[in-house]
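# What the coordinates show
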Amino acid sequence: MAEFNEFLEMGGYAAFVWPSYLVSAVVLTLLVVFSVRRLRRIERDLKPFEERRQARRNRTRSSRTEPLNDT
Amino acid sequence: MAIDFHKYANPTRFLRLASAVFPWVTGAAVLLLVTGLYMGLFVAPEDYQQGETVRIMFVHVPAAWMGMSVYTMMAVSAAAGLIWKHPVADLSAKAAAPIGACFTLLALVTGALWGQPMWGTYWVWDARLTSMLILLFLYLGYMALWGSFDDHSKAARAAAILVLVGAINIPVIKFSVDWWNTLHQPASVATLDGPKIHGSILTPLLVMGAAYMMLFLSVFIIRVKAEIMDRRLQIMKISQLQE
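From a predicted model like this one, the values you see are computed outputs, not experimental measurements. (Residues numbered from 1 in each chain as written. Chains lettered and ligands numbered in written order. Predicted model: local features only at pLDDT ≥ 70, side-chain atom pairs only at ≥ 80, totals over all residues. Heavy atoms only, no water.)

## Focus on the packing of helix H2 (residues 57-84) of chain B against helix H6 (residues 169-179) of chain B
Residue and element names in this part refer to chain B. Where we set the bar: Simply put, an axis is a line fit to the C-alpha atoms, just over the touching stretch for a helix, and the angle between two N-to-C directions goes from 0 to 180 degrees. The helix and strand labels rest on DSSP assignments: H or I over at least four residues marks a helix, E over at least two residues marks a strand, and numbering proceeds from the N terminus. The labels follow the angle: roughly parallel below 35 degrees, roughly antiparallel above 145, roughly perpendicular from 65 to 115, and oblique for the rest. Helix crossings are classified by the rotation of the near helix relative to the far one: an anticlockwise turn of less than a right angle makes the crossing left-handed, while a clockwise turn makes it right-handed. Here a residue-residue contact requires only that any non-hydrogen atoms of the pair lie within 4.5 Å. Charged residues are taken to be Asp, Glu, Lys and Arg, nonpolar residues to be Ala, Val, Leu, Ile, Met, Phe, Trp, Tyr, Cys and Pro, and polar residues to be all remaining types, Gly included.
Running from N to C, H2 and H6 point in directions that differ by 155°, and their axes come no closer than 10 Å. Viewed along their axes, H2 and H6 adopt a mutual orientation that is roughly antiparallel. Crossing angle aside, the handedness with which H2 passes H6 is left-handed. Residues Met 68, Tyr 71 and Thr 72 of H2 form the contact with H6, whose own contacting residues are Ile 170, Ile 173 and Lys 174. Here the residues of the contact of H2 with H6 are counted per class, giving four nonpolar, one polar and one charged.

## Here's the deal with helix H4 (residues 127-147) of chain B
Residues and elements named next belong to chain B. What counts, and what does not: A helix is expected to span 1.5 Å multiplied by its residue count minus one. In this scheme, a residue with accessible area under 20% of its type's maximum is buried, one over 50% is exposed, and one in between is partly exposed, where area comes from a 1.4 Å probe on protein chains only.
With 21 residues, H4 extends 30 Å between its outermost C-alpha atoms, agreeing within 8% with the 30 Å of an ideal straight helix rising 1.5 Å per residue. Along H4, the positions that sit buried rather than exposed are Ala 127, Arg 128, Leu 129, Ser 131, Met 132, Leu 133, Leu 135, Leu 136, Leu 138, Tyr 139, Tyr 142 and Trp 146. Lining the buried residues of H4 we find H2, helix H3 (87-119), helix H5 (152-166) and H6.

## Some thoughts on the UniProt feature "transmembrane region" (unreviewed entry) in chain B
All names here are of chain B. Note the following rule: UniProt positions are given in the numbering used here, feature names are shortened, and annotations may be inferred rather than shown by experiment.
UniProt's entry tags residues 21-43, 63-84, 96-115, 127-146, 158-177 and 197-222 with the feature "transmembrane region" (unreviewed entry), counted in the numbering of this structure. End C-alpha to end C-alpha, residues 127-146 measures 29 Å, and it is 100% helix and 0% strand. In residues 197-222, helix accounts for 92% and strand for 0%; the two terminal C-alpha atoms are 35 Å from one another.

## Quick notes on the pattern of salt bridges
Here is the rule we go by: One side-chain nitrogen of Lys or Arg within 4 Å of one carboxyl oxygen of Asp or Glu is enough to make a salt bridge.
Tallying each qualifying case throughout the model produces six salt bridges over all chains. The partner of Lys 225 of chain B in a salt bridge is Glu 43 of chain A, with the nearest N and O atoms 3.9 Å apart. Taken together, the residues span two chains, with Lys 225 of chain B in helix H7 (residues 199-242) and Glu 43 of chain A in helix H2 (residues 14-70). The exposure class of Glu 43 of chain A is partly exposed, given its relative accessible area of 30%. Glu 50 of chain A is the salt-bridge partner of Arg 53 of chain A, the closest N and O atoms lying 3.5 Å from each other.

## Here's the deal with the nonpolar core
Grouped burial of nonpolar side chains is what soluble globular proteins tend to show. So the rule is basically this: Nonpolar cores are built from buried Ala, Val, Leu, Ile, Met, Phe, Trp, Tyr and Cys residues. Side-chain atoms within 4.5 Å join them into one set.
Grouped together as the largest cluster of nonpolar side chains are 69 residues, with contacts concentrated most on Met 57 and Met 74 of chain B. Every element with two or more residues in this core is listed here: H2 of chain A together with helix H1 (9-43), H2, H3, H4, H5, H6 and H7 of chain B. Here this core takes 14 residues from H3 of chain B, the largest share from any one element. Ignoring any residue separated from it by four or fewer positions in sequence, one finds Met 57 of chain B in contact with Pro 62, Trp 114, Ile 197, Ile 201 and Leu 205 of chain B. In this structure, Ile 42 and Leu 46 of chain A together with Ile 222 and Met 229 of chain B belong to the second largest nonpolar core, which totals nine residues.

Dropping the structure here:
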């Protein structure tokens, strides 16, 4: 326990060492969280457009192949 | 439908490559971060002059390296975007900017926290610190510029020119410690005579540097993917309005 306390004290520089690690952890974590959230939001917004496009493509493809099926 | 989607064949290929690389890069980032933090906090000895504050170096120096490297990468991308009009080039510079800004901010904040116990001040207006602050403003200006145009290609162009003009700041940062009198210590890792730091402290520093690099790549892939899909979304919205 004494050893752990000594580690936390950082030779009297705890007030400088720990905040630098903490601020690094916070900023980088927020960067990851916001980046993932933005990607998810855009993927969600894009989905209906992609589905509509796919549906339209399927329709044109089937109308094109129908005459061939008749012969 | 007036928009040709084959123009976006390249982004599709990029996305496929990025998805394949992503798990490896992310795994490497986690592994290196854990290793680097363990070595930096528990294995590395305290410095004979700086005591335990030397541990701030393990989060300060890699952040500063990344702040400068990301900007350099953006300048290359922006030039490619201007010259070849490659659609991924502008988007990758745009995606990298917030990451570079975060690293630069961290370099400044951790540097201040190191400066107070070692120099007796959080901040001085000397060459290295001031040029690093300018780098942060360049990032913020770049991001603001993207947001201030409705037209995508105009925004890309203006932002690219800003990055390229600001690129002059990168050698200024690098050599500021040699050209001017400054409180900041001169280069001690990337020198012509090799690193001047003892291995017990150099190894955790390099591991943390590699960890930050991998973390950058991981977040970068997420952000480029978001930019490409956002661009696709905007184009689809416009084409829907035209129908």
